[in-house]
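Structure at a glance
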Amino acid sequence: MAQRTETNVEKFCTFPYREIHLDSQGVFGPCCQYTKRKNKDKYDMSNVSSIKEYLKSPQLENIKKDLEKGIKLEQCRYCWRVEDTGVPSMRQRSSHKDISKIREFFITFGNQCNTACRICNSTRSSLIHKYDMLHADKIEHEQLKKELKTVHPWSEGKVWYTNVANDVVDILDGLEVIKISGGEPFINVHFDRFIDTLVNSGKKLPKIMITTNGSFTIKQLKKLKPFESVILLISCDALGKENYEHLRWPLKWDNFINNINSVFNLDFNVWIEFQIVMHNLNLKHLPDAVNYFKENFSKKSARVSFTTLNGADWYTVANSPKELREKICQELEKIEFEGYKIKPSKQEMIKYIQNAKKQKLSELVSHVKHTDGYRDFDTWKFLNWSPKEIS
């Protein structure tokens, strides 16, 4: 067992010891932010096929040993990048957690999804995959074109998650939480079967956290009552009709917000956590999102989290006009956060906006042109600034 001491806590990561993660292609890893490399290396998990095999694998042992040595794995770049901005990373926020056994299981149920969100990609959305395959040949940026035309395992009929529920039942004792994302889990029949298997196991069920765009039915939510507690992580990127419908195409705001409000009428407590990724397409909306939450949900079983970008680096908040970033930071500074269920702190949000780095500007222009093309939309007109103003 690794020793977490006062001298190594700054470089120590608890996730290889406490969490099992399965990504949308069925590849194991220590957490949801761990990025698999395309080339084979000593950490490669592509041939690991079960939870038991993963826990005993030399690849996991390599991850643990190298992180303990302070080696910054490329696969862990998300946390290193966030830490470089001065904001605590997921690794740092979890440094105090128990590492005596597996406490968390995280599964991403493929890419089946009914939205084509602006900052998402085909590994998380079948709808994006559809439009990428139809229109990627028109992209002038060769590297971006190559990336968007990637053929994934599900295109070949590989559905890896059909029997995973039985493996999870075997490790239920001791689990603190089951985390689920997608795609959109609530439109995936295998998610429903997964829940049924857990409920019918007769075992005590832990907390469950489900990332969703809100496309659930009340009938599906009622099935979750046997779990110790239920948290719905509502991926929305905006709170308000105009910005929501721009970012979460083709969903409609009225349907979304009505479905969210129906949760509070259930006969058991379900927590709502709105999750808004901070990026250049919703930067100007961030103060409005904070205020909307305060006015409409602060007295309910709800909270809001403003998270950092993971992937699609061209949408970093830094790829925006400097004057806009300064204006948004000033507006956030005037808003009262104290006493409201908002995270991170105001100071951390502002620090992230101020310290983010510009990158991949040519990809930004090409990707916006690509997505605007199949949506018949003009993003730069909507934002009221253009790439030429990025500074």
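Right above here is the structure, for reference.
Anyway, here's the lowdown on the structure attached to this text. Given the structure is predicted, the values throughout are model-derived calculations rather than measurements.

The next point concerns the overall build of the protein. In terms of regular secondary structure, the protein is built from 17 helices and nine strands. Computed over the C-alpha atoms, the radius of gyration of the protein is 21 Å, within 12% of the 21 Å expected from 2.2 N^0.38 for a compact globule of 391 residues. Summarising its shape, the C-alpha atoms of the protein cover approximately 55 × 50 × 50 Å along the three principal directions. Sequence-distant contacts in the protein: of pairs separated by 6 or more residues, those separated by 24 or more amount to 71%. Counting only carbon and sulfur atoms, one obtains 48% of the accessible surface of the protein, whose full area is about 18300 Å². For the protein, the centre of its 61 positive side-chain charges and the centre of its 50 negative side-chain charges are spaced 1 Å apart.

Our focus in this paragraph is the environment of Arg-303. For Arg-303, the location among the structural elements is in strand β8 (residues 302-307). Taking the C-alpha atoms as reference, Arg-303 lies 9.6 Å from Leu-233; in sequence the two are 70 residues apart. Non-local contacts of Arg-303, meaning those with residues more than four positions away in its chain, are made with Ile-231, Trp-271, Ile-272, Glu-273, Phe-274, Phe-293 and Lys-341. Polar side-chain contacts of Arg-303 include one of 2.7 Å to the side chain of Glu-273.

So, about the environment of Glu-184. For Glu-184, the position within the fold is in the loop between β4 (177-181) and α9 (189-200). As a C-alpha pair, Glu-184 and Phe-256 span 72 residues in sequence and 14 Å in three-dimensional space. Contacts of Glu-184, omitting those with residues within four sequence positions, involve Gln-112, Cys-113, Asn-114, Thr-212, Asn-213, Gly-214 and Ser-215. At a separation of 3.2 Å, a polar atom in the side chain of Glu-184 contacts the main-chain amide nitrogen of Phe-186. Within the structure, Glu-184 has its side chain in polar contact with the side chain of Thr-212 (distance 2.8 Å).

Here we come to the sheet that holds strand β2 (residues 28-29). By way of backbone hydrogen bonds, the strands of a sheet pair with one another, either parallel or antiparallel. Here we have nine strands laid out as an open sheet, ordered β2-β1-β3-β4-β5-β6-β7-β8-β9, and mixed in their pairing. Since the sheet does not close on itself, it has two edges, and those belong to β2 and β9 (342-343), each with one partner. As judged from the five bridges shared by strand β3 (residues 104-108) and β4, these two strands associate in the parallel manner. Residue Phe-105 lies in a different strand from β4, and its bridge partner there is Ile-178.

For the structure shown, the criterion picks out four cavities of 30 Å³ or more. Empty space within the largest cavity amounts to approximately 110 Å³. Lining the largest cavity we find 15 residues, and of these Cys-13, Cys-31, Cys-76, Cys-79 and Arg-91 sit closest to its centre. Secondary-structure elements contributing two or more residues to the lining of the largest cavity are α1 (15-18), α4 (77-84) and α5 (90-93). Tallying contributions element by element places α4 first for the lining of the largest cavity, with three residues.

So, about unusual backbone geometry. Residue Gly-183 follows Gly-182 across a cis peptide bond; omega there is 25°. Position of Gly-183 relative to the elements: it lies in the loop between β4 and α9. A positive phi angle is found at Asp-237, which is not glycine, with a value near 65°. For Asp-237, the location among the structural elements is in the loop between β6 (230-235) and α11 (241-247).

To continue, consider the pattern of salt bridges. Any two side chains of opposite charge can pair if their charged atoms end up close together. Within the structure shown, the criterion is met by 24 salt bridges. Between Asp-66 and Lys-69 there is a salt bridge; the shortest N-O distance is 4.0 Å. Classification of Asp-66 by relative accessible area gives buried; the value is 4%. Residues Asp-173 and Lys-203 are paired through a salt bridge, measuring 4.0 Å at the closest nitrogen-oxygen approach. Of this pair, Asp-173 sits in the loop between α8 (164-170) and β4 while Lys-203 is found in the loop between α9 and β5 (207-212), placing the two residues 30 residues apart along the sequence. Salt bridges linked by common partners bring Arg-18, Glu-19, Lys-97, Asp-98, Arg-103, Glu-104, Glu-176 and Lys-179 together as one network.

What counts as what
- Residues numbered from 1 in each chain as written.
- Predicted model: local features only at pLDDT ≥ 70, side-chain atom pairs only at ≥ 80, totals over all residues.
- Heavy atoms only, no water.
- Helix = DSSP H or I, 4+ residues; strand = E, 2+ residues; numbered from the N terminus.
- Rg over C-alpha atoms; globule rule 2.2 N^0.38 Å.
- Contact = heavy atoms within 4.5 Å.
- Areas by Shrake-Rupley, 256 points an atom, 1.4 Å probe, with all protein chains shown as cover.
- Lys, Arg positive; Asp, Glu negative; His and termini not counted.
- Charge placed at Lys NZ, Arg CZ, Asp CG, Glu CD.
- Polar contact = N/O pair within 3.5 Å; in protein donor to acceptor, adjacent residues only side chain to side chain.
- Pairing = 2+ DSSP bridges.
- 1 Å grid on protein atoms, 1.4 Å probe; cavity = no way out; pocket = protein on both sides within 12 Å on 5 of 7 lines; lining within 4 Å.
- Points joined across faces, edges and corners; volume = space filled by probe spheres on them.
- Salt bridge = Lys/Arg side-chain N within 4 Å of Asp/Glu carboxyl O.
- Buried < 20%, exposed > 50% of the residue type's maximum accessible area, 1.4 Å probe, protein only.

In short, geometric facts, not functional conclusions.
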